[in-house]
Amino acid sequence: MSKRDELIAKYATDIKDKIGQTPDMGLLTKVTIGCGPSIYNADAATVSGSDQSELDTVKKNFLIKKLGLSDGAKLDEAIASVMDAYGKSNRNKYRAVVYYLLTKHFKKESVYK
C-alpha cells in the first residue's frame, strides 16, 4: 500500500468515525490527489479551525478558485458547518477531508470527474 493509499484510508476512517458519514471513496481519492504534496507535510495536511487566515485560504484557494464558487456569506457558513461537523475539539482536521466535505456540501463533485 502506498503512502497516499494509507492516508486516504485514514481520511475515510475520519469521515466514518468523526463525522458519521460513509465516504465516497472515488471522490475522496480524487480530492486527496488534488491536494498534491501538501498531504505529506504535517503542517499543510491539516486545517486549523480556529485560525481565520487559514480559513480564508480555504475559502479563496479551494472554494473560489477550485470549485468556482462566488464569494459570499454562504462560503463562510459552509466552512463553519464543516468545522462543527468535524468537531471543534478535534485538533487534526485533515485538509483532504475538509475539502471533501465542502465539495459534497456544495454538490460540486463534477469538478473531480
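Computed from a predicted model, the values in this text were never measured in an experiment.

1. Observations concerning the nonpolar core
Item 1. With 34 residues, the main nonpolar core has Y11, L63, V97, V98 and L102 as its most contacted residues.
Item 2. Among the secondary structure elements, those contributing two or more residues to this core are α1 (3-19), α2 (25-34), α3 (52-66), α4 (73-86) and α5 (95-105).
Item 3. Among the elements that take part in this core, α5 stands out by supplying seven residues, more than any other.
Item 4. Dropping the residues within four chain positions of it, L102 is found in contact with V58, F62, L63, L67, A78, I79 and V82.

2. Examining the pattern of salt bridges
Item 1. In total, this model carries five salt bridges according to the counting rule given.
Item 2. Linking R95 and E54 is a salt bridge whose minimum nitrogen-to-oxygen distance equals 2.7 Å. On the criterion of sequence distance, the pair formed by R95 in helix α5 and E54 in helix α3 is long-range, its members being 41 residues apart.
Item 3. According to the relative accessible area criterion, R95 is buried, its value standing at 12%.
Item 4. A salt bridge links E109 to K104; the shortest N-O distance between them is 3.9 Å.
Item 5. Judged by relative accessible area, K104 falls into the partly exposed class, the value being 31%.
Item 6. Among the charged side chains, a salt-bridge network with shared partners connects K59, D71 and D76.

3. Describing α3
Item 1. In a regular helix each residue adds 1.5 Å, so 15 residues correspond to 21 Å; α3 covers 20 Å between its end C-alpha atoms and thus fits that length.
Item 2. Looking at the buried residues of α3, the elements they touch are α4 and α5.
Item 3. After α3 finishes, the residue G68 shows a positive phi value of roughly 75°.

4. Regarding α5
Item 1. Most of α5 sits out of view: nine of its eleven residues are buried.
Item 2. Every buried residue of α5 is listed here: R95, A96, V97, V98, Y99, Y100, L101, L102 and T103.
Item 3. Structurally, α5 contributes buried residues whose contacts are with α1, α2, α3 and α4.
Item 4. Count one or two residues on from α5 and you reach K107, which has phi positive near 55°.

5. Some thoughts on the environment of K10
Item 1. Tracing the backbone shows K10 in helix α1.
Item 2. Note on K10: relative accessible area 37%, which makes it partly exposed.
Item 3. Along the primary structure K10 and Y94 are separated by 84 residues, whereas in three dimensions their C-alpha atoms are 9.6 Å apart.

Definitions and limits used
- Residues numbered from 1 in each chain as written.
- Predicted model: local features only at pLDDT ≥ 70, side-chain atom pairs only at ≥ 80, totals over all residues.
- Heavy atoms only, no water.
- Core = buried A, V, L, I, M, F, W, Y, C linked by side-chain atoms within 4.5 Å.
- Buried < 20%, exposed > 50% of the residue type's maximum accessible area, 1.4 Å probe, protein only.
- Helix = DSSP H or I, 4+ residues; strand = E, 2+ residues; numbered from the N terminus.
- Contact = heavy atoms within 4.5 Å.
- Salt bridge = Lys/Arg side-chain N within 4 Å of Asp/Glu carboxyl O.
- Expected span 1.5 Å × (residues − 1).

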